[in-house]
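Structural overview for review
Now for the letters of each chain:
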Amino acid sequence: MLKLSTKGRYGVRLMLDLALNYNKGPVPLHDVCKRQGISEKYLWQLINPLKNAGLVRSTRGAHGGYVLAKPARQISLKDIMEVLEGSMCLVDCTVNPSMCKRSPACVSREVWKEVSLKMLNVLESFTLEQMVEKQNMRFKVLNYSI
């Protein structure tokens, strides 16, 4: 079964949390930990690659923490997943056909290539802004707040 790693799933939760709190100033990681039920140690492993990729900015000091480096509408799930998961291709030969001598005649390779492309298109079509809207609607329906 094809599954996303914990790294990718938790990274999306981290970024969604930052997006939900976008206009409230820097968000300390321990606050995200409490809300998301993710250990702070694990979040530290996620925040640095996101910061290095220009998706998150940090602020030091007593009121420090993390904020999105760009508006939520400019950050797609594809952006997040590629930073945390690496290449999103299902099979390596789809991006590097020379690695397999069967590539020129392989019908399966074409199928995996198309599946990978569709998956990337779906991930690219969802922004953090859209996820915030969906989350806020769900909060409203459930009469829940963060």
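As a reminder, the structure under discussion sits directly above these lines.
A brief structural summary.

The rules behind the values
- Residues numbered from 1 in each chain as written.
- Predicted model: local features only at pLDDT ≥ 70, side-chain atom pairs only at ≥ 80, totals over all residues.
- Heavy atoms only, no water.
- Helix = DSSP H or I, 4+ residues; strand = E, 2+ residues; numbered from the N terminus.
- Buried < 20%, exposed > 50% of the residue type's maximum accessible area, 1.4 Å probe, protein only.
- Contact = heavy atoms within 4.5 Å.
- Areas by Shrake-Rupley, 256 points an atom, 1.4 Å probe, with all protein chains shown as cover.
- Pairing = 2+ DSSP bridges.
- Phe/Tyr/Trp six-rings, centres within 6.5 Å; stacked < 30°, edge-to-face > 60°.
- Core = buried A, V, L, I, M, F, W, Y, C linked by side-chain atoms within 4.5 Å.
- Arc of directions from axis to C-beta.

1. Observations regarding the overall build of the protein
A tally of regular secondary structure across the protein gives six helices and two strands. Helices and strands in the protein line up, N terminus first, as α-α-α-β-β-α-α-α. By its C-alpha atoms, the protein is 60 × 35 × 25 Å across when sized along the principal axes. Burial status across the protein gives 35% buried among its 146 residues. Residue pairs in contact within the protein that sit at least 24 positions apart in sequence constitute 64% of those at least 6 positions apart. As presented, the protein carries roughly 9,400 Å² of accessible surface, and 53% of it is formed by carbon and sulfur atoms.

2. Description of the pairing of strand β1 (residues 56-59)
As paired elements, β1 and strand β2 (residues 65-68) share four bridges and run antiparallel to each other. Across the sheet, Arg57 pairs through a bridge with Val67, a residue of β2. Where β1 folds back onto β2 in an antiparallel hairpin, the turn is made up of five residues, including Gly61, whose phi is positive at roughly 110°.

3. Some remarks on the packing of aromatic side chains
Any pair of aromatic rings gets described here by the distance separating the centres and the angle formed by the planes. In the structure shown here, the tally under the stated rule is two aromatic pairs. With 5.4 Å between their ring centres and 75° between their planes, Tyr10 and Tyr42 make a pair best called edge-to-face. Of the two residues, Tyr10 is situated in helix α1 (residues 6-20) and Tyr42 in helix α3 (residues 40-52); the sequence distance between them amounts to 32 residues. Summarising the aromatic geometry, the rings of Trp44 and Tyr66 are spaced 6.2 Å apart at their centres and angled 80° between planes, so their arrangement reads as edge-to-face. Placement of Trp44 in helix α3 and of Tyr66 in strand β2 is noted, with a sequence separation of 22 residues between them.

4. Re the nonpolar core
Core analysis: the biggest nonpolar cluster contains 33 residues, and Leu14, Met15, Leu18 and Ile80 have the highest contact counts within it. Mapped onto this core, the elements with two or more residues apiece are α1, α2 (29-36), α3, β2, α4 (77-85), α5 (107-125) and α6 (128-142). Excluding residues that lie within four positions of it along the chain, Leu14 makes contacts with Leu29, Val32, Leu43, Leu46, Ile47 and Leu50.

5. Considering the environment of Val122
In this fold, Val122 is placed in helix α5. Sequence separation between Val122 and Lys3 is 119 residues, and the spatial gap between their C-alpha atoms is 16 Å.

6. Describing α4
Every buried residue belonging to α4 is among Leu77, Lys78, Ile80, Met81 and Leu84, and all of these are buried. One side of α4 holds all its buried residues, which, seen down the axis, span an arc of 160°. Packing partners of the buried residues in α4 comprise α1, α3, α5 and α6. Gly86, located one to two residues past α4, shows a positive phi value of around 85°.

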